[in-house]
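# Coordinate inspection notes
One-letter residues, chain by chain:
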Amino acid sequence: MQLKFLKQFFFETFAAKPEHLFFSPSRINIVGEHIDYNGGKVFPCAIQIGTYGAARKRGDNVIKLVSKNFSHYGEISLNEEILYQEEHQWMNYPMGVVRSLKERGYSVGGMDIVVWGNIPNGAGLSSSASLELLIGEMINQLYNDGTIPKMELVYAGKDTENKFIGLQSGIMDQFVIGMGRKDNAVLLDTNTLDFKYVPLNLHEYTFVIMNTNKRRELKDSKYNERRRECDKALEILQQEFSVRNLCELPLCDCEKYKKLLHEENLYKRVYHVIFENQRVYLAMHAIKENRLSDLGKLLSESHRSLKEYYEVTGKELDCIVNAAQSHADCLGARMTGAGFGGCAIALVKKDKTDQFIQEVSKKYTSEIGYEAEFLISGISDSVHELPVVE
Ligand code: GLA
């Protein structure tokens, strides 16, 4: 259905059939929030909600980009220097990827591209990383015979955020979209980039994704501020502790950290980071050993820490998470992604999801004044090409 729609849209736009089709997932993070830039372990999975793309080669050095989701469209000339420009809106993400892959020495040529995604926009499910990896994989297949290592695409996406857009995000989103595996979560050590797949068997439970519909723009949010606070805390603590990042700090020395850091805020950030890192390890074991009520508790503890210590939740996320946590068929809930609005996840009994959604939805609307959106998704493979069937 989606592909038929995409092909038709491509034909209407470029008066030709696409030669290649692609899918790039979005992601949820089960636990391990705001620690991918602190050398921690994170535990995300790619989901079947994502961005579809259709492409064909052009004979010149121009990339023409059209999105079915946004009215803005345009061109990238490969003969000129590619620079970030606010007015290019969503196209800045493809532009950043093109620039980074060119700088990394890969060949990039002209393309006609249409994209269409079913990721709620600004919802913290990483629609930007999904688009970045989609464009990266198009360049990989159309101009490099599929020989670009997936990690290079991951880095090109991260470069786009860090150097082109100006968001000092970590590697988690691009990594799981570029390396994820169907029905598995990815346990990623962001310090070493070692990773392993963990089969995500939740038995009679499932994750319900709850979109608060409170949009957040990370570039202007406190994301970069949190990152600076962590860097500052690390610098101070490194005078006493020989660690490379905050996640290497021992759990038991909290009183010492408090004394050394002086500023209450810095201490709170560190407290969140080190205990969140431990929760990842505990959650991974809870899943492996089918202790789902323990997993639920860890999710809820993570939310509390993000609210009280890292201070990245806000009234909408707190409201939806509270409503979910107090439901009898929910084992636990937390915000997922960067926070400041966007989505939360709840671990809910499969055969009770309808009632759960109804009740949480009602509470949320009556308290916040507008509606939330609820999604359930399977776990997807990483970005990939799709067959072009007639
Ligand atoms: C965003 C960033 C990630 C990560 C999360 C918070 O999604 O892109 O790198 O820092 O926020 O865990």
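## Points about the state of the cysteines
Here the structure, examined in full by the defined rule, presents 0 disulfides. A disulfide-free cysteine, C319 has its sulfur positioned 14 Å from the sulfur of C330, the nearest such atom.

## Quick look at the sheet that holds strand β3 (residues 44–57)
Taken together, 6 strands build an open sheet; the order of strands is β5-β4-β6-β3-β1-β13 and the sheet is mixed. Only two strands of the sheet have a single partner each, and these edge strands are β5 (74–77) and β13 (384–386). Recorded for the sheet is a direction-independent mean angle of 30 degrees between the axes of neighbouring strands. The pairing of strand β1 (residues 20–29) with β3 spans 10 bridges and is antiparallel. Bridge pairing in β3 links R27 to A46. Packed onto the sheet, helix α5 (residues 172–179) meets β1 and β3 and runs at close to 130 degrees relative to β1.

## Comments concerning the packing of aromatic side chains
Under the defined criterion, the tally for this structure stands at 14 aromatic pairs. Their ring planes at 40 degrees and their centres at 4.7 Å tell us that Y271 and F275 sit as a pair that is tilted. Separated by 4 residues within a single helix, Y271 and F275 lie in helix α8 (residues 264–288), roughly one turn from each other. An aromatic cluster of three or more residues is present, and its members are F5, F23, Y52 and W116. Its guanidinium or amino end placed over the ring of Y143, K57 lies 4.8 Å from that ring's centre, counting from NZ or CZ. Positioned above the aromatic ring of F9 is the side chain of K68, whose terminal nitrogen or guanidinium carbon lies 4.6 Å from the ring centre.

## A word on helix α9 (residues 292–308)
Because each turn of an α-helix spans 3.6 residues, side chains separated by three or four positions end up pointing in the same direction. In this model, α9 (17 residues) spans 24 Å end to end at C-alpha, consistent with the 24 Å of a helix rising 1.5 Å per residue. At its buried positions, α9 is contacted by β9 (205–211), α8, α10 (315–325), β10 (330–335) and β11 (343–349).

## Considerations on the nonpolar core
Soluble, globular proteins show a tendency: their nonpolar side chains are buried together. Of all hydrophobic cores here, the largest spans 120 residues; its most connected members are F43, M210, Y257 and L295. Ranked by the residues each element gives to this core, the list is headed by α8, at 10 residues. Each residue touching Y257, except ones within four places of it in the same chain, is listed here: L237, F241, L249, P250, Y267, V270 and I274. Core analysis: the second largest hydrophobic core is formed by 12 residues, L6, F14, A54 and V114 among them.

## Some remarks on the site of the ligand
Near the ligand you find R27, E33, H34, D36, Y37, S169, G170, M172, D173, Y223, G337 and A338, and these make up its full shell. A distance of 2.7 Å separates an oxygen atom of the ligand from a polar backbone atom of H34. Taking Y223, its side chain carries an N or O atom lying 2.6 Å from an oxygen atom of the ligand. Here the ligand loses 96% of its free accessible area of 310 Å² to cover by the protein chains. Residue classes in the shell around the ligand are distributed as 4 nonpolar, 4 polar and 4 charged.

## Quick notes on the side chain of E137
On the secondary structure map, E137 appears in helix α3 (residues 127–143). Put simply, E137 is tucked away with no salt bridge, and the nearest opposite charge, on K150, sits 4.2 Å away.

## Here's the deal with the packing of helix α2 (residues 92–103) against α3
In contact at an axis separation of 9 Å, α2 and α3 are set at 45 degrees when each is read in the N-to-C sense. In terms of their interaxial angle, α2 and α3 are classed as oblique. For the element pair α2 and α3, the recorded crossing hand is right-handed. Residue-level inspection shows Y93, P94, V97, V98 and L101 of α2 in contact with α3, the latter providing S128, L131, E132, I135, G136 and I139.

## Digging into the sheet that holds β10
Here 4 strands make up an open sheet; going across it, the order is β10-β11-β9-β12 and the pairing antiparallel. Across the chains shown, the open sheet's two edge strands, defined by having one partner strand only, are β10 and β12 (373–375). Shown here is a sheet whose adjacent strand axes are inclined to one another by a mean of 25 degrees, direction ignored. The pairing of β10 with β11 spans 5 bridges and is antiparallel. Along β11, the bridge assignment pairs R334 with I345. In this fold α9 packs onto β9, β10 and β11, with an angle of close to 30 degrees to the strand it touches most, β10. Here α10 sits on the sheet in contact with β9, β10, β11 and β12, set at roughly 170 degrees to β10.

About the criteria used
Residues numbered from 1 in each chain as written. Predicted model: local features only at pLDDT ≥ 70, side-chain atom pairs only at ≥ 80, totals over all residues. Heavy atoms only, no water. Disulfide = S-S within 2.5 Å. Pairing = 2+ DSSP bridges. Helix = DSSP H or I, 4+ residues; strand = E, 2+ residues; numbered from the N terminus. Axes fitted to C-alpha atoms, helices over the stretch in contact; angles between N-to-C directions. Contact = heavy atoms within 4.5 Å. Phe/Tyr/Trp six-rings, centres within 6.5 Å; stacked < 30°, edge-to-face > 60°. Lys NZ or Arg CZ within 6 Å of the ring centre and 35° of its normal. Expected span 1.5 Å × (residues − 1). Core = buried A, V, L, I, M, F, W, Y, C linked by side-chain atoms within 4.5 Å. Buried < 20%, exposed > 50% of the residue type's maximum accessible area, 1.4 Å probe, protein only. Near = heavy atom within 4 Å. Polar contact = N/O pair within 3.5 Å; in protein donor to acceptor, adjacent residues only side chain to side chain. Areas by Shrake-Rupley, 256 points an atom, 1.4 Å probe, with all protein chains shown as cover. Nonpolar A, V, L, I, M, F, W, Y, C, P; charged D, E, K, R; others polar. Lys, Arg positive; Asp, Glu negative; His and termini not counted. Salt bridge = Lys/Arg side-chain N within 4 Å of Asp/Glu carboxyl O. Parallel < 35°, antiparallel > 145°, perpendicular 65-115°, else oblique. Left-handed = near helix turned anticlockwise from the far one by under 90°.

On their own, these measurements won't tell you what the molecule is for.
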